[in-house]
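This is what each chain is made of:
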Amino acid sequence: MHKLEEPTMTESDAFPAPTSLEKEAQDYGRTFSETDLCRDPLEDLEAYPPAEPIIAEETKLLLSNLLDISPVLTEVASAIIDDSFTRCFKSNPPERWNWNLYLFPLWCLGVVVRYGILFPVRVLLLTAGWIVFLTCFFPVHYCMQDHKLRRKLERDLVVFLFGSFVASWTAVIKYHGPRPSPRQKQVFVANHTSMIDFYVLEQSTAFACIMQKHPGWVGWLQTYALPSVGCISFNRTEAKDRHYVAKRLREHVEDPESNPLLIFPEGTCVNNEYVVMFKKGAFELGCTVCPIAIKYNKIFVDAFWNSRKQSFTQHLIRLMTSWAVVCDVWYMEPQNILPGETSIEFAERVRKLIADRAGIKMVPWDGYLKYQRPSPKLTEKKQQELANAVFRKLEGKLL
Amino acid sequence: MGNSSSMLTQYDLEELQTHCQGIFSQREIVALYERFCALDRTGKGFILSDEFMAVPEFALNPLAERLLRTLEGVNFKEFITLLSAFSARASYEHKVEFIFRVYDSDRNGKVTMYDILEVLRDLSGSFLTDDQRKQVVIQALEEAGFSEDSALTYQDFLEVLNKAGLKMEVEVPVD
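In this text, all values refer to a predicted model and were calculated from it rather than measured experimentally.

Asks: In this structure, what is going on with the pairing of strand β3 (residues 208-212) of chain A? I would like to understand it.
Replies: Successive residues of a regular strand alternate their side chains across the two faces of the sheet. Residue and element names in this part refer to chain A. Of all five residues making up β3, five are buried, and the element is well covered by its neighbours. Burial along β3 is two-sided: the face carrying A208, I210 and Q212 and the face carrying C209 and M211 are both buried. Two elements, β3 and strand β5 (residues 261-263), share two bridges in a ladder whose sense is parallel. Residue C209 lies in a different strand from β5, and its bridge partner there is L262. Here β3 pairs with strand β4 (residues 232-234) via three bridges, running parallel. When the sheet's bridge partners are listed, Q212 is paired in β4 with F234. Handedness of the crossover joining β3 and β4 through helix α9 (residues 216-225): right-handed.

Written out as structure tokens, the structure is:
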């Protein structure tokens, strides 16, 4: 059992999944508040709770209530059979085509073109991009003295590199809304589906992004190239890393020279059909929050990076052997925290804006639950409800 | 029904249907198999405790630990047998049998006051004291005509629990 300092876990307590008991209470509440006296009472017969059996076993009632754990068991079974959290991370394969004599050969031809022609061309393109980047970046980074010009060139080179990545998947990206510009006191937040979200955005504007540290060549980029545009990498399971990030974020937004800050508040990749709860860190910096909604079209390939099932390189290869990556990016209207709104409420409000624009569903779960167990406080909340139910049944006659 | 194949044949489906006494339809069994494969991350053919606990909705339930004793290491056949108690087509007796087994942790066919206290402790946690729990249980047993030392059987459970009030149904989402 991990015992971590969890300063940012508290918001998940505010939004537990509704219990079936709560839902039942809500249903009854709605029915009984209809005080339309003109209605025929017999019409509402089904709305009333089921009648007690005529031969009421009064003496056995307390024992019966005590032993009847069916509501709790129903919740467990419901969680086993289907739960909204697992659904967020399920890769949904596209519908298989109906093969026939005409389509199948065309598909085979498609495979040959994709793997035999497109893929090698794209790999060459990407390699060329890398070579240009590396040969220019190091001289600029280590030798250039003019600070301002160096920053500008580094920014342009990073944008160029990510442009080559994006070109290597023949991405068809439609940007909506005004392009971000470096301004003080502003933060960009977006929903997260794959690491390519960062690439898609970075190739249009050089953002400074907060990212989970990755191994391999991505880690190399994160350590050597990306800090030049202001990117910050950290390890999400290290509590002291998170503390350090919070401090760096504050410093970054104060600096007028820094690139626009980009944060993915979900904290993890979700399958682009749901959006999990936002961490409040981005919303308590005292800045304007500019939401960005990203929605991928699954028509040629599913852009969801299921980090449990494949490495990032495998994911990129899959994208490079598909026809195209199609997506929409909406740069939305900047939001400020309203008077009297807490940062959690602000985060939820922005999350709803993004979910509505991208057409994805909201779920009340913390993304970090992928890596750790839910807080025991959630279990304790249920236990308290059940204990209260026992009190009520005994009408306060307990010691 | 191999451990790494993700396809059920018609033969498998029929065998499984017979196994759970026709409670689940074939579509439900297919849907449950997909779910089983999603929970069994490494495709071993059975689900470990950790894999159940990775579902947050399961992990935060007060009875999760207790149920893990039964659920741990289940293969697909056992999985659908256990879940069949939650189908709308399962009989009242079937559901009560499930509840009885949750209480009767030592499988001796008898539920004593201590068994009831243990389940109540899982349910209420630190929000009731041991004495309060004991008081409730003794009062409930005595009112119903039992005593502190009584050992309830499955038949007793059938009589005590309210047939009309027992709602223990979960719908299996089919495509």
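Asks: Would you mind going over the nonpolar core with me for this structure?
Replies: One broad rule of soluble globular proteins: the nonpolar side chains tend to lie buried together. With 77 residues, the main nonpolar core has L73(A), F52(B), F58(B), F76(B), F79(B) and F157(B) as its most contacted residues. Each of domain 1 (5-84) and domain 2 (92-164) of chain B accounts for three or more of the residues forming this core. Every residue in contact with F58(B), bar those within four places of it in the chain, is listed here: V76(A), A79(A), I80(A), F52(B), M53(B), A64(B), L68(B) and L71(B). Judged by nonpolar contacts, the second largest core, of 61 residues, contains L157(A), V166(A), W169(A) and F188(A).

Asks: Can you help me understand the domain arrangement of chain B in this one?
Replies: Many structure descriptions define interface size as the accessible area lost when the parts assemble. All names here are of chain B. If you check the domain split of chain B, you get domain 1 (5-84) and domain 2 (92-164). Computed over C-alpha atoms only, the centres of domain 1 and domain 2 are separated by 27 Å. Taken together, the contact between domain 1 and domain 2 spans nine residues of the former and 10 residues of the latter. Summed over both sides, the interface between domain 1 and domain 2 buries roughly 840 Å², with carbon and sulfur atoms accounting for 57% of that surface. Area buried by domain 1 at its contact with domain 2 is led by P62, L63 and R66, which between them contribute 57% of it. At the surface where domain 1 touches domain 2, the tally comes to two salt bridges. The closest approach of N and O atoms between R66 and D122, which form a salt bridge, is 2.9 Å. Inspection of the region where domain 1 meets domain 2 yields three residue pairs in polar contact (both at pLDDT 80 or more). Of the residues that constitute the side of domain 1 that touches domain 2, the class distribution is five nonpolar, two polar and two charged.

Analysis parameters
Residues numbered from 1 in each chain as written. Chains lettered and ligands numbered in written order. Predicted model: local features only at pLDDT ≥ 70, side-chain atom pairs only at ≥ 80, totals over all residues. Heavy atoms only, no water. Buried < 20%, exposed > 50% of the residue type's maximum accessible area, 1.4 Å probe, protein only. Helix = DSSP H or I, 4+ residues; strand = E, 2+ residues; numbered from the N terminus. Pairing = 2+ DSSP bridges. Right-handed = clockwise from strand over helix to strand, strands pointing away. Core = buried A, V, L, I, M, F, W, Y, C linked by side-chain atoms within 4.5 Å. Domains from an automatic or database assignment. Contact = heavy atoms within 4.5 Å. Buried area = accessible area lost by both parts, 1.4 Å probe. Salt bridge = Lys/Arg side-chain N within 4 Å of Asp/Glu carboxyl O. Polar contact = N/O pair within 3.5 Å; in protein donor to acceptor, adjacent residues only side chain to side chain. Nonpolar A, V, L, I, M, F, W, Y, C, P; charged D, E, K, R; others polar.

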